[in-house]
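Residue strings, one per chain:
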Amino acid sequence: MAMTDCLFCKIVAGELPATKVAETDATLAFRDINPQAPTHILVIPKAHYVNAAEMVLADPDLTTRVMEEAVKIADSEELSQGYRLLFNTGKDSGQEVFHVHLHILGGKPLGPMVSV
Ligand code: DGP
């Protein structure tokens, strides 16, 4: 169910613009507004889940569809040298948008994953 105050639900509903990359009945992919790599795309389920943990527990099949879509997009974006798939989940991860989204990052060597 769409949440009226959710940024990514508004993108799904066409109420806010986004540079769309791919769409299925259950998922939408669009370019990140603040790219952290030459290719930075977000894949979201159209249904609203706060984060990956909530989606995995509620709908494993949808989780698989989000992952499958990311792999297809990585292929179509020619990220054959490698890419990173990332779900920020919760406060310590730095999650800023609370509609689950899978980051696809690639297009250059990405370096270490996190600093400690
Ligand atoms: P996270 O930290 O995992 O919650 O990442 C949220 C990402 O969403 C961040 O990389 C920037 C992106 N983002 C935030 N607002 C918008 C928006 O309105 N449009 C698009 N395309 N991306 C957005």
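This is a predicted model, so every value here is computed, not measured.

A. The pairing of strand S1 (residues 20-23), seen in detail. Where S1 meets strand S2 (residues 27-31), three bridges bridge the pair, whose relative direction is antiparallel. Paired with glutamate 23 across the two strands is leucine 28, which belongs to S2. Remark: three residues form the turn of the hairpin made by S1 and S2, two consecutive strands paired antiparallel.

B. Region of the structure containing the packing of aromatic side chains. One pass over the structure, following the stated rule, counts one aromatic pair. Note on phenylalanine 8 and phenylalanine 30: the rings are 5.2 Å apart at their centroids and 80° apart in plane angle, and the pair reads as edge-to-face. Of this pair, phenylalanine 8 sits in helix H1 (residues 7-12) while phenylalanine 30 sits in strand S2, and the two are 22 residues apart along the sequence.

C. Focus on the nonpolar core. Val43, Met55, Ile73 and Ile104 are the most contacted members of the largest nonpolar core, which has 16 residues in total. Of all elements in the fold, only strand S3 (39-45), helix H2 (52-58), helix H3 (60-76) and strand S5 (102-106) reach the threshold of two or more residues within this core. When residues in this core are grouped by element, the largest group, five residues, is from H3. With residues near it in sequence (within four places) discarded, isoleucine 104 still touches Thr39, His40, Ile41, Val43, Ala70, Ile73, Leu79, Arg84 and Leu85.

D. A look at the side chain of histidine 101. In this structure, histidine 101 sits in the loop between strand S4 (83-86) and S5. A polar side-chain atom of histidine 101 sits 2.7 Å from the main-chain carbonyl oxygen of histidine 99. With residues near it in sequence (within four places) discarded, histidine 101 still touches Phe8, Leu42, Val43, Ile44, Leu86, Phe87 and Gln95.

E. Inspection of H3 at higher detail. With 17 residues, H3 ought to run about 24 Å at 1.5 Å a step, and its terminal C-alpha atoms sit 25 Å apart, in line with that. Buried within H3 we find Leu62, Thr63, Val66, Glu69, Ala70, Ile73 and Ala74. Taken end-on, H3 shows its buried residues confined to a sector of 140°, consistent with a single buried face. Set apart from the buried face of H3 by more than 90 degrees, the exposed residues are Asp61, Lys72, Asp75 and Ser76. Looking at the packing, one finds that the buried side of H3 touches S1, S2, S3, H2, S4 and S5.

Rules of the game
- Residues numbered from 1 in each chain as written.
- Predicted model: local features only at pLDDT ≥ 70, side-chain atom pairs only at ≥ 80, totals over all residues.
- Heavy atoms only, no water.
- Pairing = 2+ DSSP bridges.
- Helix = DSSP H or I, 4+ residues; strand = E, 2+ residues; numbered from the N terminus.
- Phe/Tyr/Trp six-rings, centres within 6.5 Å; stacked < 30°, edge-to-face > 60°.
- Core = buried A, V, L, I, M, F, W, Y, C linked by side-chain atoms within 4.5 Å.
- Buried < 20%, exposed > 50% of the residue type's maximum accessible area, 1.4 Å probe, protein only.
- Contact = heavy atoms within 4.5 Å.
- Polar contact = N/O pair within 3.5 Å; in protein donor to acceptor, adjacent residues only side chain to side chain.
- Expected span 1.5 Å × (residues − 1).
- Arc of directions from axis to C-beta.

Spatial relationships are all this shows, so hold off on functional conclusions.
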